[in-house]
Amino acid sequence: MMGDFFQVQRWCFAAIGVAREDTRTNRAVFAVSLLTVLVMKLGTILFAVNHRTEIMLLCDCLGPTFTAYLGLLRQCVLRQQRSTLWQLVDELIALKRKVSPSEVRIIERYNRIDLLHAWTYLVSAMATAALFSGAALWKVISSEPGADWKLPLLMEFPFDIQHPVTFSVFFIWCSVAIVWVVLESVACDSSFGTLCSSVLAHFVIVQRRFELLGTEKVADLASVGALIRYHQYVLWLAKRIIGAYRHIIFNQLLISSILLCMLGFQLVISAGTSIMVVYMVYSLAIIIQITYYCYYGSMLHHESEQVQRAIYNGTWYTADIRTQKLLLVCMMRAGKAVDANFGFTRASLPALKSILNSAGSYVALLLSLLE
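Bear in mind that the values here come from a model prediction, so they are computed numbers and not experimental data. (Residues numbered from 1 in each chain as written. Predicted model: local features only at pLDDT ≥ 70, side-chain atom pairs only at ≥ 80, totals over all residues. Heavy atoms only, no water.)

This part covers the overall build of the protein chain. What the protein chain contains, in helices and strands, is 10 helices and two strands. Start at the N end of the protein chain and walk to the C end: the helices and strands fall as α-α-α-α-α-α-α-α-α-β-β-α. The principal-axis extent of the C-alpha atoms belonging to the protein chain is close to 85 × 50 × 30 Å. Across the 371 residues that make up the protein chain, the buried fraction comes to 52%. Across the protein chain, every contact between residues at least 6 apart in sequence was considered, and the portion connecting residues at least 24 apart equals 81%. (Helix = DSSP H or I, 4+ residues; strand = E, 2+ residues; numbered from the N terminus. Buried < 20%, exposed > 50% of the residue type's maximum accessible area, 1.4 Å probe, protein only. Contact = heavy atoms within 4.5 Å.)

This is the structure we're talking about:
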């Protein structure tokens, strides 16, 4: 059952050392990947400091720097929440076994859609990594003899790396670091989407059960207590998922507008050139990242709120007074929707629209500075 539920995420978790088993090998993979990305980030920061007065080079450098920061944050949070995340996976699998065959089909439909999202995200993100490394490699191959070679990212070091052997080592290392950042992003963002997708399926099942209370399909109204406990358990799962990702949600939404601003600026500047393709794919990957959190945040809010409507649409009026009181309490609880928020930030589709609008405004501001 794990194969069709957490397939992409399981591979990405293993690649960054956050697999289910906390073995010595996994800890070593985690340490090496973390150190590799950290050194890459320090190299881009040094470049940014040395070119702080050149706005075009600064934007070209700070985009990967912020992306590397988010990658490091994701990896550390996933490592910290490793036990919680795998426990959530086990609980969702166990919960799937307790529902009826018709309800299993609802969960599987959500899982199939989410699997498509995860593969799309992985392919687009890996395409971005391949374009960065491929474009840099092509420049090296086509450069004139004696020209300065450039790494896939704008980086500087306290020593010279232009010797062919040294440059080859750093080029491969930088390319591997980019791939690790991609794997960190896919592991974190798509796992959030997968867990939320499964919880959404259970919210839909809860709604159907409430609507069928008192009908010939669910004639025993005494089962309302078990249904309320099921609803409470699904709410608890949703809160735990949001709690595990709250720091990532906050940083992702806060930094994404800056990243999109820089990428939009670079797209305008590079219009009509071959490098424009790299920025377009990079922008698409960033938009997919924030869409994951904003889409599933809005869906959690909507489906958890719809439980109240489902209770009201059921045949509650045929139940005894005690059952009606239980349903009334459940309606009051369902009236408070689940929100994926942290501090002043809430992951939702309106937040996504606001981020895209603000990024466009920042692009116009940067363009005005060039005039």
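Here we come to the side chain of Gln 75. Structurally, the position occupied by Gln 75 is in helix H3 (residues 55–80). In this structure the side chain of Gln 75 is engaged in a polar contact, spanning 2.5 Å, whose partner is the side chain of Ser 33. Contact partners of Gln 75, with chain neighbours within four places excluded, come to Ile 16, Phe 30, Ser 33, Leu 34 and Glu 184. (Polar contact = N/O pair within 3.5 Å; in protein donor to acceptor, adjacent residues only side chain to side chain.)

As a further point, take a nonpolar patch on the surface. A cluster of nonpolar residues, Leu 35, Leu 38, Val 39, Leu 42, Ile 45 and Val 49, forms a patch on the protein surface that exposes about 470 Å² of accessible area. One can find Ile 45 in helix H2 (residues 24–50). (Patch = residues over 30% accessible without salt bridge, like charges linked within 9 Å, V, L, I, M, F, W, Y side chains within 5 Å. Areas by Shrake-Rupley, 256 points an atom, 1.4 Å probe, with all protein chains shown as cover. Salt bridge = Lys/Arg side-chain N within 4 Å of Asp/Glu carboxyl O.)

The next point concerns the packing of H2 against helix H6 (residues 164–212). Viewed as axis vectors pointing N to C, H2 and H6 meet at an angle of 115°, and their least axial separation amounts to 9 Å. When the interaxial angle is binned, H2 and H6 end up roughly perpendicular. Between H2 and H6 lies a crossing of left-handed hand. Counted together, Val 32, Ser 33, Thr 36, Val 37, Val 39 and Met 40 of H2 and Trp 173, Ala 177, Ile 178, Trp 180, Val 181 and Glu 184 of H6 form the full contact between these two elements. Partitioning the contact of H2 with H6 into residue classes produces nine nonpolar, two polar and one charged. (Axes fitted to C-alpha atoms, helices over the stretch in contact; angles between N-to-C directions. Parallel < 35°, antiparallel > 145°, perpendicular 65-115°, else oblique. Left-handed = near helix turned anticlockwise from the far one by under 90°. Nonpolar A, V, L, I, M, F, W, Y, C, P; charged D, E, K, R; others polar.)

Glancing now at the packing of aromatic side chains. With the rule as written, the count across this model stands at 17 aromatic pairs. For the pair Trp 11 and Trp 119, a centre-to-centre distance of 5.7 Å together with 70° between the ring planes defines the contact as edge-to-face. With Trp 11 in helix H1 (residues 7–15) and Trp 119 in helix H5 (residues 101–142), this pair connects stretches of sequence that are 108 residues apart. For Trp 11, a relative accessible area of 45% gives the class partly exposed. Trp 119 sits in the partly exposed class, given a relative accessible area of 32%. By way of ring pairs, the aromatic residues Tyr 121, Tyr 292, Tyr 295 and Tyr 296 are connected into one cluster. Over the ring of Phe 30 we find Arg 79, and its NZ or CZ is 5.4 Å from the ring centre. (Phe/Tyr/Trp six-rings, centres within 6.5 Å; stacked < 30°, edge-to-face > 60°. Lys NZ or Arg CZ within 6 Å of the ring centre and 35° of its normal.)

Take the pattern of salt bridges next. Where charged atoms from two side chains of opposite charge come close, those side chains can pair. A full pass over the atoms with the stated rule returns 10 salt bridges. Asp 90 is the salt-bridge partner of Arg 20, the closest N and O atoms lying 2.9 Å from each other. Of this pair, Arg 20 sits in the loop between H1 and H2 while Asp 90 sits in helix H4 (residues 82–97), and the two are 70 residues apart along the sequence. On the accessibility criterion, Asp 90 (36% relative accessible area) is partly exposed.

A separate point is the side chain of Gln 289. Mapped onto the elements, Gln 289 comes out in helix H8 (residues 275–313). Polar side-chain contacts of Gln 289 include one of 3.5 Å to the side chain of Arg 74. Setting aside residues up to four positions removed in sequence, Gln 289 forms contacts with Arg 74, Tyr 121, Ser 185, Asp 189 and Gln 252.

Among the nonpolar cores identified, the biggest contains 112 residues, and Met 40, Phe 210 and Tyr 245 are the most heavily contacted of them. When residues of this core are assigned to their parent elements, the largest contribution, 25 residues, is made by H6. What Met 40 contacts, discounting residues up to four positions off in sequence, is Ala 68, Leu 153, Met 155, Trp 173, Ala 177, Ile 178 and Val 181. (Core = buried A, V, L, I, M, F, W, Y, C linked by side-chain atoms within 4.5 Å.)

To continue, consider the packing of helix H7 (residues 224–269) against H8. At a minimum axis distance of 9 Å, the contact between H7 and H8 shows a crossing angle of 150°. When the axes of H7 and H8 are compared, the pair comes out roughly antiparallel. The interaxial crossing formed by H7 with H8 has left-handed handedness. Looking at the contact of H7 with H8, its residues break down into 19 nonpolar, six polar and no charged.

It is worth spelling out a positive patch on the surface at this point. Where like charges cluster on the molecular surface, the positive patch consists of Arg 105, Arg 109, Arg 112 and Arg 208. Looking at the positive patch, the element that brings in the most residues is H5, giving three residues. Note on placement: Arg 105 falls in helix H5. (Lys, Arg positive; Asp, Glu negative; His and termini not counted. Charge placed at Lys NZ, Arg CZ, Asp CG, Glu CD.)

The next thing to look at is the environment of Ile 172. Inspection of the secondary structure assignment puts Ile 172 in helix H6. For the pair Ile 172 and Pro 152, spaced 20 residues apart in sequence, the C-alpha separation works out to 9.4 Å.

Here the focus is the confidence of the model for the protein chain. Detailed reading of predicted coordinates is not advised where the pLDDT is low. When the pLDDT values of the protein chain are averaged, the result is 84; 94% of them are 70 or greater. Element-level pLDDT for the protein chain is lowest in helix H10 (residues 349–370), with a mean of 76, against a maximum mean of 91 in H4. (pLDDT = per-residue confidence, 0-100.)

Looking now at the environment of Ser 348. As for its placement among the helices and strands, Ser 348 is situated in the loop between strand E2 (345–346) and H10. Along the sequence, Ser 348 and Gln 7 sit 341 residues apart, while their C-alpha atoms lie 26 Å from each other. Non-local contacts of Ser 348, meaning those with residues more than four positions away in its chain, are made with Cys 294 and Ser 298.

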